[in-house]
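# Descriptive structure summary
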Amino acid sequence: LELFPPLPQSQQSPAMKATKLLLLLACLACLACHVLAATESSNPINMVVDLLSDLQAKVIKAGEDAHEEYVEFADFCEDRAGEYRHEIETTKAEVEELTAAIGEQKATVATLTARTETLAGDIAANSA
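Within each chain, residue numbers correspond to sequence positions counted from 1 in written order. Only residues with pLDDT of at least 70 get local features here, since the model is predicted, and only at 80 or more are side-chain atom pairs given and counted; chain-wide, interface and lining totals rely on the full set of residues. Only hydrogens and water are removed before side-chain values are computed, so all heavy atoms of the structure are retained for them.

Secondary structure elements are taken from DSSP: a helix is a run of H or I of four residues or more, a strand is a run of E of two residues or more, and numbering for both begins at the N terminus. Across its full length, the protein chain holds 2 helices and 0 strands. Residues classed as buried in the protein chain amount to 2% of the 128 residues present. Summing over all exposed atoms, the protein chain offers an accessible surface of approximately 11,500 Å²; the carbon and sulfur share of this is 67%. The rule is simple: take the accessible area with a 1.4 Å probe, protein chains only, and divide by the maximum for that residue type; under 20% is buried, over 50% is exposed, in between is partly exposed. Using a 1.4 Å probe, accessible areas were evaluated by the Shrake-Rupley method; residue-level cover was limited to the displayed protein chains.

In structure tokens, the structure reads:
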């Protein structure tokens, strides 16, 4: 059963023949694309190439992420190193100041000890 029986060749216009030919070519092109796509996706070599391409993209992304983390960590380390450098310089200056203060206090202790001994001698002389 045909819904539209074909017209005899003599009754078909050249435009209708061209339209049929273009429709047939379009259908063949779609079929060829479908077969080609099915063949390419099921081809083991193409599957391996696709897997390697995906892996390459993942590795590149992981490398970019690792580089970003490295840059952040390097900045952190540089900041901390600067802070430690400042703390070391400040602490060295404090050590020098405290060493000088200890020297002054030792001199004061020696002076006061000598004075105490002198006064103890004077008290002993006065008591006798």
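As a further point, take a nonpolar patch on the surface. Where nonpolar side chains cluster on the molecular surface, the patch consists of Leu 21, Leu 22, Leu 24, Leu 25, Leu 28 and Leu 31 and spans about 600 Å² of accessible area. Along the chain, Leu 22 turns up in helix H1 (residues 14-42). Grouping into patches uses exposed residues only, defined as over 30% relative accessible area, and leaves out salt-bridged ones; the cut-off is 9 Å for like charges and 5 Å for nonpolar side chains (Val, Leu, Ile, Met, Phe, Trp, Tyr). Between Lys or Arg on one side and Asp or Glu on the other, a salt bridge is scored when a side-chain nitrogen of the former is within 4 Å of a carboxyl oxygen of the latter.

What follows is about the pattern of salt bridges. Considering all chains together, one arrives at 2 salt bridges under this definition. Lys 61 is the partner of Asp 65 in a salt bridge, and the nearest nitrogen-oxygen pair spans 3.1 Å. Taken together, the residues span about one helical turn, with Asp 65 and Lys 61 both in helix H2 (residues 44-127) at a distance of 4 residues. When the shortest N-O distance is used, the salt bridge between Glu 83 and Arg 80 registers 2.4 Å. Taken together, the residues span about one helical turn, with Glu 83 and Arg 80 both in helix H2 at a distance of 3 residues. For Glu 83, a relative accessible area of 37% puts it in the partly exposed group.

Let's shift gears to a negative patch on the surface. Together, Glu 64, Glu 68, Glu 69, Glu 72, Asp 75, Glu 78 and Asp 79 make up a negatively charged patch on the protein surface. Mapping Glu 68 onto the fold places it in helix H2. Its relative accessible area of 48% is what places Glu 68 among the partly exposed residues. When charges are counted, Lys and Arg contribute as positive and Asp and Glu as negative, whereas His and the chain ends are disregarded. Think of each charge as sitting on NZ of Lys, CZ of Arg, CG of Asp or CD of Glu.

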